[in-house]
Amino acid sequence: MSILIVDDTVEVREMLGVLLESAGYQDLLFAESAEAAFERLGMGGSGAAPVDVDVVLMDINMPGLDGVEACRRIKAVERFCDTPIIMVTAMAEAGFLEAAFAAGAADYLVKPINRVELLVRMRSALRLKCEMDRRKAREQEWEQALREVKVLQGLLPICSHCKKIRNDQNQWQPVESYIKAHSAVDFSHGICPECLDKHSSK
């Protein structure tokens, strides 16, 4: 599981890294500003290869672009719209938190960081990310199935003698041609045992 830690204070980044590593989280990325986080995520326009992260820990109060606006920009990127962002702040006032949640934040932590609270929030965020990934995979499979499958439905006018089907242009065409035009079905021709006996005896 990849975690991006964004904080302008070296001590906070190191402390969060130590706490997470002690709990078994090894794939940690660090950024000292919102702009550096964008670079890490391939959003900075420098051509850097984008990386996928499962959770972002984002400080709210940073020089330059603050964490709330950074959260909003990250969540606006389709690739990260389902990535949980946990805001880390010393400001627990309702106004700051309301702005953070409106920007797309999934949760928050108040400084000084409590180890137990951090790990509980992290497990919750990772479970959310896994569920979102599973849901997205199911949706993609369903969309792919819908693209690949065309279903014949409704009443088909068919000639009782030659078995041709009348299409929407009021033209009669062989059954094989009609089905191939309206589905993903193809045909391989052979002779059934009954017809084989019937025609080989002639």
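Refer to the structure printed above.
Residues numbered from 1 in each chain as written. Predicted model: local features only at pLDDT ≥ 70, side-chain atom pairs only at ≥ 80, totals over all residues. Heavy atoms only, no water.

Colleague: What's the story with the nonpolar core in this structure? I'm lost.
Modeller: One finds L4, V6, V56, M58, I74, I85 and M87 to be the most contacted residues of the largest nonpolar core, which totals 26 residues. Among the elements of the structure, β1 (2–6), β2 (27–31), α2 (34–40), β3 (55–59), α3 (67–75) and β4 (85–89) are those that each provide at least two residues to this core. With residues up to four places along the chain from it excluded, the contact list for L4 reads L29, F30, A31, A37, R40, L41, V53, V55, V56 and L57. One finds V55, I86, L109 and L126 within the second-largest nonpolar core, a separate group that totals 19 residues. (Core = buried A, V, L, I, M, F, W, Y, C linked by side-chain atoms within 4.5 Å. Buried < 20%, exposed > 50% of the residue type's maximum accessible area, 1.4 Å probe, protein only. Helix = DSSP H or I, 4+ residues; strand = E, 2+ residues; numbered from the N terminus. Contact = heavy atoms within 4.5 Å.)

Colleague: Just checking my understanding: could you explain unusual backbone geometry for this structure?
Modeller: For residues besides glycine, phi is generally negative; the peptide bonds are generally trans as well. With an omega of -5°, the peptide bond between K111 and P112 qualifies as cis. Mapped onto the secondary structure, P112 falls in the loop between β5 (107–110) and α5 (115–148). Phi is positive for N170, which is not a glycine, with a value near 65°. The class of N170 is exposed, set by a relative accessible area of 55%.

Colleague: Would you mind showing me how to read the pattern of salt bridges here?
Modeller: Close approach of charged atoms lets side chains of opposite charge pair. Under the definition given, this model contains 13 salt bridges. Residue E69 is joined to R72 by a salt bridge in which the shortest nitrogen-to-oxygen separation is 2.6 Å. Here E69 and its partner R72 are both found in helix α3, three residues apart, which amounts to about one turn of the helix. Among the ionic pairs, R121 bridges to E117, the shortest N-O distance being 3.1 Å. With R121 and E117 both in helix α5 and four residues apart, this pair spans about one turn of that helix. A relative accessible area of 27% places E117 in the partly exposed class. (Salt bridge = Lys/Arg side-chain N within 4 Å of Asp/Glu carboxyl O.)

Colleague: Could you clarify how one ought to interpret the pairing of β1 in this entry?
Modeller: When a strand is regular, its side chains alternate between the sheet's two faces. Of all the five residues making up β1, five are buried; the element is thus mostly covered by neighbouring parts of the structure. Every second residue of β1 is oriented toward a common face, with S2, L4 and V6 on one face and I3 and I5 on the other, all of them buried. As defined by bridge partners, β1 adjoins β2 across five bridges and the pair is classed as parallel. Bridge pairing links I5 to F30 in β2. In terms of handedness, the path from β1 via helix α1 (residues 10–22) over to β2 forms a crossover that is right-handed. (Pairing = 2+ DSSP bridges. Right-handed = clockwise from strand over helix to strand, strands pointing away.)

Colleague: What should I look at first to understand α3 in this one?
Modeller: An α-helix turns once per 3.6 residues; consequently, residues spaced three or four apart project the same way. Buried residues of α3: G67, V68, A70, C71, I74 and K75, and no others. Down the axis of α3, the smallest arc covering the buried residues is 160°, so these residues share one side. Those residues of α3 hidden inside the fold are in contact with α2, β3, β4 and α4 (94–102). The residue sitting at the N-terminus of α3 and contributing the capping side-chain oxygen is D66; that oxygen lies 3.1 Å from the backbone nitrogen of V68. (Arc of directions from axis to C-beta. Polar contact = N/O pair within 3.5 Å; in protein donor to acceptor, adjacent residues only side chain to side chain.)

Colleague: How should I be thinking about the environment of V77 in this particular structure?
Modeller: If you trace the backbone, V77 turns up in the loop between α3 and β4. Judged by its relative accessible area of 27%, V77 is partly exposed. Along the sequence, V77 and L196 sit 119 residues apart, while their C-alpha atoms lie 63 Å from each other.

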